[in-house]
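Listed here are the chains, written in short residue letters.
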Amino acid sequence: MNLKRNVLLNPGPSTTTDTVKLAQIVPDICPREKEFQDIMAPMREDLVKIVHGKLEDYTAVLFCGSGTICIDIALNSLLDKDKKALVINNGSYSARAVEVCHAYGLPLIELKQPLDTTPDLTLIEETLKNNSDIGYVYVTYHETGSGLLNPVKDIGALAHKYGAFLISDTTSAYAMIPIDVYEQNIDFCMASAQKGIQGMTGLSYIVGRKDIIEASRNFPVRSYYCNLYMQYDFFERTGEMHFTPPVQTVYAARQALIEYFEEGEERKWERHQRIMAAIRAGVDRLGFKEVLSRDVQSGLVSAIIYPDDPNWNFDKIHDYCYERGFTIYPGKLASKGTFRLCALGVIDEPDIVDFWKVFEAGLKELGVKVPVNYD
Ligand SMILES: *Cc1c(COP(=O)(O)O)cnc(C)c1O
């Protein structure tokens, strides 16, 4: 089989290996067979190991859905009655978490913070101090819309100091930036197979503290389909997902995990950093400006401001690159026109060098002046 290789610079799904793509082609199987459970059991353990959890403390619970399902499940399942959620809102993904809380009518303290700098820890501490009924603190590890890296370790330490636990949406960092749940004070994190592990869409997982999940058995059940304890309990008793799993995506994830451990945490993170260095080299060479200062960036997303040039047209440059095998992505910041280049997936420095050649040729074709101009 000869598949065209596309270089995806959008924030997931990402470029995958052919071996992961082809791992989906398997004989038909009923997922209630033991053969299929034998795939998911070690997968749950591997997903805990990726964030250095000990299996006696942490477990992984798999779900059929995109990454947002984990935001929904964690928020709605882990809030005890008489407790409040505290959500640090400093980007489009934490804004999504706030919307989830509203959808369930959860008692919520929303701490709105600037989108382009790390949140105010003093304010977070004050809030925790003044509200002893906060059950959990929720923070996005890496805000994929802007590229902002949050100080999760510090926020987790504050949560623990005031008797709350920490939920972090690590979807766009997990299996990319090395994460140690103990060091980072993370009680719950989450991801989706299409991002860090370089698998396919449709499988997502929450990695979290077993004792808290066990305790959540007595928390209010706010959703029938999206409930953490119910899915955990079903896995523990039967080795299966409660409802039909994304069978082929699970096979792809098994192969992706083999390839993840073969590459290794450190080497993989070095590769992501190499990709980002190549992205930044092009940004600088062509005179583009980024939304965030680099010292607060995750190093996985570059959010670039549209230049002030009458000939600049994002859709046209997108199409020019897309026709040549490179996918770029619009931004997620309402205030400014931005686009994003992301260092996810099975790509490396030479792909970015090739990308910038195509992108620069596209700018020439559009008649955009290089280096680009800002008023
Ligand atoms: C990708 C991503 C998600 C999941 O988004 P879906 O559209 O459901 O795939 C959640 N959180 C963050 C931070 C992400 O980057």
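Refer to the structure presented above.
Each value, and the rule that gives it
Residues numbered from 1 in each chain as written. Predicted model: local features only at pLDDT ≥ 70, side-chain atom pairs only at ≥ 80, totals over all residues. Heavy atoms only, no water. 1 Å grid on protein atoms, 1.4 Å probe; cavity = no way out; pocket = protein on both sides within 12 Å on 5 of 7 lines; lining within 4 Å. Points joined across faces, edges and corners; volume = space filled by probe spheres on them. Helix = DSSP H or I, 4+ residues; strand = E, 2+ residues; numbered from the N terminus. Nonpolar A, V, L, I, M, F, W, Y, C, P; charged D, E, K, R; others polar. Near = heavy atom within 4 Å. Polar contact = N/O pair within 3.5 Å; in protein donor to acceptor, adjacent residues only side chain to side chain. Areas by Shrake-Rupley, 256 points an atom, 1.4 Å probe, with all protein chains shown as cover. Sits in = over half its atoms within 2 Å of the grid points. Contact = heavy atoms within 4.5 Å. Buried < 20%, exposed > 50% of the residue type's maximum accessible area, 1.4 Å probe, protein only. Patch = residues over 30% accessible without salt bridge, like charges linked within 9 Å, V, L, I, M, F, W, Y side chains within 5 Å. Salt bridge = Lys/Arg side-chain N within 4 Å of Asp/Glu carboxyl O.

*Asks:* I'd like to hear about empty space enclosed by the protein, residue by residue, with values.
*Replies:* Tallied over the entire structure, the rule returns one cavity of 30 Å³ or more. Approximately 70 Å³ is the volume attributed to the largest cavity.

*Asks:* So what's going on with the layout of surface pockets? Which residues, and what values?
*Replies:* The calculated volume of the largest pocket comes to roughly 270 Å³. P11, Y93, R96, Q194 and K195 are the residues nearest the centre of the largest pocket, which is lined by 21 residues in total. Contributing elements (two or more residues each) for the lining of the largest pocket: helix 3 (68-77) and helix 4 (92-104). Classifying every residue of the lining of the largest pocket gives four nonpolar, twelve polar and five charged. The space that makes up the second largest pocket amounts to roughly 220 Å³. Taken together, 14 residues line the second largest pocket, and the ones lying closest to its centre are A41, R44, E45, T59 and E236.

*Asks:* Give a description of the site of the ligand that names residues and reports values.
*Replies:* Around the ligand, 14 residues are found, and the nearest of them are S66, T68, T144, D169 and K195. One of the side-chain nitrogen or oxygen atoms of S66 is found 2.5 Å away from an oxygen atom of the ligand. Summarising the interface, the protein chains cover 87% of the accessible area of the ligand, which totals 380 Å² for the free molecule. According to the grid-proximity analysis, the pocket containing the ligand is the largest pocket. Secondary-structure elements contributing two or more residues to the shell around the ligand are helix 3 and helix 4.

*Asks:* Residue-level account of the environment of P119, with values.
*Replies:* Turning to its location among the elements, P119 is positioned in the loop between strand 4 (108-112) and helix 5 (121-130). Those residues in contact with P119 that lie beyond four places of it in its chain are I88, N90, Q113, I124, N150, P151 and I155.

*Asks:* Go over the side chain of N150 with me, naming the residues and quoting the values.
*Replies:* Secondary-structure assignment places N150 in the loop between strand 7 (148-149) and helix 6 (152-161). Assessed through its relative accessible area of 5%, N150 is described here as buried.

*Asks:* Could you give an account of a nonpolar patch on the surface, with specific residues and numbers?
*Replies:* Together, M1, L3, L22 and I25 give the surface a local cluster of nonpolar side chains, amounting to about 440 Å² of exposed area. Looking at where I25 falls in the secondary structure, it is placed in the loop between helix 1 (18-22) and helix 2 (34-50). When its relative accessible area of 59% is taken as the criterion, I25 is described as exposed.

*Asks:* I'd like a rundown of unusual backbone geometry, residues and numbers included.
*Replies:* The linkage connecting G12 with the following residue, P13, adopts the cis geometry, with an omega of -5 degrees. Tracing the sequence through the fold places P13 in the loop between strand 1 (7-8) and helix 1. Cis geometry marks the peptide bond from V370 to P371; its omega dihedral reads -5 degrees. Non-glycine residue D82 carries a positive phi angle of around 70 degrees. Checked against the element boundaries, D82 lands in the loop between helix 3 and strand 3 (84-89). Judged by its relative accessible area of 70%, D82 falls in the exposed class. Phi at N185 is positive, roughly 55 degrees, even though this residue is not glycine. Here N185 shows up in the loop between strand 8 (165-169) and strand 9 (188-192).

Take it as geometry only, folks, not as evidence of what the structure does.
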